[in-house]
Each structure stands twice: as C-alpha cells, then as structure tokens.
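Notes for the structure review
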Amino acid sequence: MINGRLNHLVYPLYRRLRGPNQWLSNETIPHFRPIVENFMLKMSTFSMEVMKCIALSLGLSKDYFDSSFGHRPHYQMKVARYPPVPEPEMGGNGSLYGVGPHTDSGYLSFLLQDDVGGLQALSKDGNWIDVLPRRGTFVVNLGEMLQLATNGLYLATMHRVVNCQGQKSRYSVPFFFNPRLDAKVEHIPITEFSNAGSKDAYPNAPVSNFPVRGNENCGARNKIFPIFGDNAFKSFARSHPQLVKMHHPDLREADGTIVFRESAGDNGYVLYFPS
Ligand SMILES: O=C(O)CCC(=O)C(=O)O
Ligand SMILES: [Fe+2]
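In this report, the structure presented in the accompanying data block is examined.

Calculation criteria
Residues numbered from 1 in each chain as written. Chains lettered and ligands numbered in written order. Predicted model: local features only at pLDDT ≥ 70, side-chain atom pairs only at ≥ 80, totals over all residues. Heavy atoms only, no water. Helix = DSSP H or I, 4+ residues; strand = E, 2+ residues; numbered from the N terminus. Buried < 20%, exposed > 50% of the residue type's maximum accessible area, 1.4 Å probe, protein only. Contact = heavy atoms within 4.5 Å. Areas by Shrake-Rupley, 256 points an atom, 1.4 Å probe, with all protein chains shown as cover. Salt bridge = Lys/Arg side-chain N within 4 Å of Asp/Glu carboxyl O. Donors = N, O, S within 2.8 Å, 3.2 Å for Na, K, Ca; no water. Pairing = 2+ DSSP bridges. Axes fitted to C-alpha atoms, helices over the stretch in contact; angles between N-to-C directions. Patch = residues over 30% accessible without salt bridge, like charges linked within 9 Å, V, L, I, M, F, W, Y side chains within 5 Å. Expected span 1.5 Å × (residues − 1). Core = buried A, V, L, I, M, F, W, Y, C linked by side-chain atoms within 4.5 Å. Near = heavy atom within 4 Å. Polar contact = N/O pair within 3.5 Å; in protein donor to acceptor, adjacent residues only side chain to side chain. Nonpolar A, V, L, I, M, F, W, Y, C, P; charged D, E, K, R; others polar.

1. Observations concerning the overall build of the protein
Assigned secondary structure in the protein consists of seven helices and twelve strands. Across the 275 residues of the protein, 45% fall into the buried class. Partitioning the intrachain contacts of the protein with sequence separation of at least 6 by distance along the chain shows that 73% fall at a separation of at least 24. By element, 54% of the accessible surface of the protein is carried by carbon and sulfur atoms, the whole surface being about 15500 Å².

Right under this line is the structure:
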C-alpha cells in the first residue's frame with residue numbers, strides 16, 4: 001500500500017518506490033531513528049558537494065545537476081548484513097554472492113564497509129578487483145545516471161559482494177544519492193563526450209561466469225532508462241523478484257524486463273515500457 005492506495009493502482013510505477021520508513025524501536029537499537037536521519041541528511045549535503053565536483057570535472061558549471069535533484073532528491077540508505085556462508089555451500093546456486101554483479105541505478109553510491117571484505121569491482125579489461133576495506137573511508141561508486149549523462153565517458157561501476165566464509169558477518173551501510181524520481185537525465189551536450197558511447201560499457205565482462213540472477217544487469221544487456229524513477233524501478237524489480245510477486249500483483253519480472261498483467265487480460269503478460 002502507498003498512501004492508502006493499492007500498489008497496482010499507482011502509476012507511474014516509480015511512485016511505488018516511496019513509502020514510510022520502518023524504523024527499529026528504541027528498545028531494539030536506542031536512538032536508531034535520529035542517528036540514521038542525521039547520517040542521511042549529512043550524506044545528502046555531502047553528495048551534492050561531490051556532484052558539484054563532478055560537474056566541474058566535466059567542464060560544466062558547478063550547479064549543472066541541481067535541477068535534477070529539485071526539492072526532493074531520491075536518496076536511500078540501508079544497513080546490510082551478509083552472514084558468512086559455510087564452505088560446502090560456496091558456489092552452489094547463487095550463494096557465492098551476497099549481491100550479484102550489477103551497477104547502481106542512480107548518480108552516486110557511498111559504501112561504508114566494515115573490515116571483513118568481499119566487495120569487488122570490475123575493471124574495464126574484465127577482471128574483478130578486491131575493494132579492500134580502509135578504515136575512515138567511503139567507497140564511491142558511480143551510477144547509471146552518470147553513465148547516461150556523460151554518454152559513457154564516466155562508467156557506472158560494476159560491482160558485487162562475494163560472501164565471506166569464517167565466523168564473522170560482513171556489515172555495510174550503502175547510501176545511494178539519486179535525482180528526483182521524475183527527473184529526466186539528458187546527455188550532456190558537449191561534443192567531446194558524444195563519441196564515448198555507452199552501448200556496452202563492459203565489453204570484456206566475463207558474463208558467462210555470472211550467476212543467472214545478475215546476467216541481465218551486465219553490459220549491453222542492461223538498458224538504462226532516462227527517467228530516473230523508471231531506471232530505479234527496473235533495478236528494484238530485478239533485485240527483488242519475490243517482493244514484486246508479493247506486493248505488485250500486476251507486475252512480473254522476466255528476463256530482465258518488467259512486464260505487467262493486463263487487467264482486461266487475455267491470458268498473458270505484455271511488456272511494460274517505462275514512460
Ligand atoms: O554491501 C555493499 O557493500 C554493496 C551493496 C550494493 O552493491 C548494493 O546494495 O547495491
Ligand atoms: Fe550496488
């Protein structure tokens with residue numbers, strides 16, 4: 001439900017991505033809500049500063065991206081725990097990855113990871129590189145909206161999380177900084193970027209080694225939608241097919257595409273083309 005309405009009555013689809021936060025009680029974690037709210041506010045101010053630096057690095061005015069945040073940038077934070085996966089299970093049916101290979105859908109992601117390790121990023125020549133934890137630093141990933149804006153001059157960072165073995169869980173706090181859900185991200189009109197090309201950002205990616213879930217997120221198979229909300233909904237639906245099934249009965253994810261059940265319905269599904 002969103003604002004008392006059933007999900008399947010809410011269009012455009014990306015409006016379903018906003019809803020009330022579910023806070024942990026003070027008994028579970030004291031002061032959880034104010035700590036998280038304070039962190040998110042500081043991160044969003046910081047992110048806007050980094051976006052100004054990115055604009056300057058592209059030879060644009062520092063407020064170039066501001067209109068795409070408007071009064072309501074879409075930022076999100078999560079606290080993720082990756083329990084260790086015992087060795088016999090490694091390599092079995094998706095358990096190798098805590099998060100399969102993907103690029104994030106927005107502008108920037110800041111990851112605060114503990115010292116367990118497991119995060120990897122894909123180099124352009126197709127090798128996975130360990131992103132080693134460094135105390136007191138954020139890992140910063142560029143997202144698909146920056147790749148789209150720069151027509152591939154700046155690539156969205158392909159990354160994944162390999163499950164740890166041993167005793168300790170891995171904890172990570174990703175903060176995702178994005179445009180407004182309804183922002184349409186245009187190519188930056190600078191000719192030197194126009195040939196960069198973003199059709200297949202990772203031509204050497206070892207796609208055949210990827211687990212089934214995640215294949216569709218890679219390289220040429222990953223379509224980037226210019227309206228950020230559409231792009232975010234795409235990523236959400238791919239990453240959480242079970243949630244789509246439970247809470248979005250009019251939708252289905254198939255082969256990396258979001259499809260919806262026609263209400264008048266013959267007996268099938270038709271492709272959903274984001275706005
Ligand atoms: O847990 C991490 O460090 C990364 C998580 C991630 O890539 C994601 O949630 O998009
Ligand atoms: Fe990610």
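2. Re the pattern of salt bridges
Counted by the stated rule, this structure contains five salt bridges. With a closest N to O distance of 3.0 Å, E37 and R33 form a salt bridge. In this pair, E37 and R33 are both assigned in helix α1 (residues 32-57), four residues apart and thus about one turn of the helix distant.

3. Details of the coordination of the iron ion (ligand 2)
The protein atoms that coordinate the iron ion (ligand 2) are H102 (NE2), D104 (OD) and H159 (NE2), at distances spanning 2.1 Å. Mapped onto the polypeptide sequence, the residues donating to the iron ion (ligand 2) form the spacing pattern H-x1-D-x54-H. We classify D104 as buried; its relative accessible area is 8%.

4. Some points on the sheet that holds strand β8 (residues 159-162)
An order of β3-β8-β5-β6 is seen for the four strands of this open sheet, with the pairing classed as antiparallel. Two strands close off the open sheet at either side, each with one partner strand: β3 (97-102) and β6 (128-130). Neighbour-to-neighbour, the strand axes of the sheet open up by a mean angle of 30 degrees, direction not taken into account. In this structure, strand β5 (residues 119-122) lies alongside β8, joined through three bridges in antiparallel fashion. Its bridge partner lying in β8, A121 is registered against H159.

5. Details of a nonpolar patch on the surface
A surface patch of nonpolar side chains, about 310 Å² in accessible area, is lined by F46, L112, F138 and V140. When you line up the elements, F46 lands in helix α1.

6. Digging into α1
Because an α-helix packs 3.6 residues into every turn, residues spaced three or four apart end up facing the same way. For α1, which comprises 26 residues, the first-to-last C-alpha distance of 37 Å matches the rise-based estimate of 38 Å (1.5 Å per residue) to within 8%. Residues of α1 that are buried include every one of F32, V36, M40, M43, S44, S47, V50, M51, K52, I54 and A55, and no others. On the buried face of α1, the contacting elements are α2 (66-69), β1 (74-77), β4 (108-113), β7 (139-142), α3 (144-149) and β9 (170-178). At the exit of α1 stands G59, carrying a positive phi of roughly 75 degrees.

7. A look at the nonpolar core
Counting residues in hydrophobic clusters, the biggest one holds 33 residues, and the most contacted among them are M51, I54, F65, Y107, L108 and L146. Per-element tally for this core: the top contributor is α1, with eight residues.

8. Notes on the site of ligand 1
Around ligand 1 lies a shell formed by K78, Y82, H102, D104, L111, H159, V161, R170, S172 and F176. A distance of 3.0 Å is found between an oxygen atom of ligand 1 and a side-chain nitrogen or oxygen belonging to H102. Within the contact set of ligand 1, an oxygen atom lies 3.1 Å away from a side-chain nitrogen or oxygen of D104. For the shell around ligand 1, the element with the most residues is β9, which contributes three residues. Taken together, the residues that form the shell around ligand 1 break down as four nonpolar, three polar and three charged.

9. Details of the environment of K62
In this fold, K62 is placed in the loop between α1 and α2. Measuring from C-alpha to C-alpha, the distance between K62 and V116 comes to 37 Å, with 54 residues separating the pair along the chain. Dropping the residues within four chain positions of it, K62 is found in contact with K52, A55 and L56.

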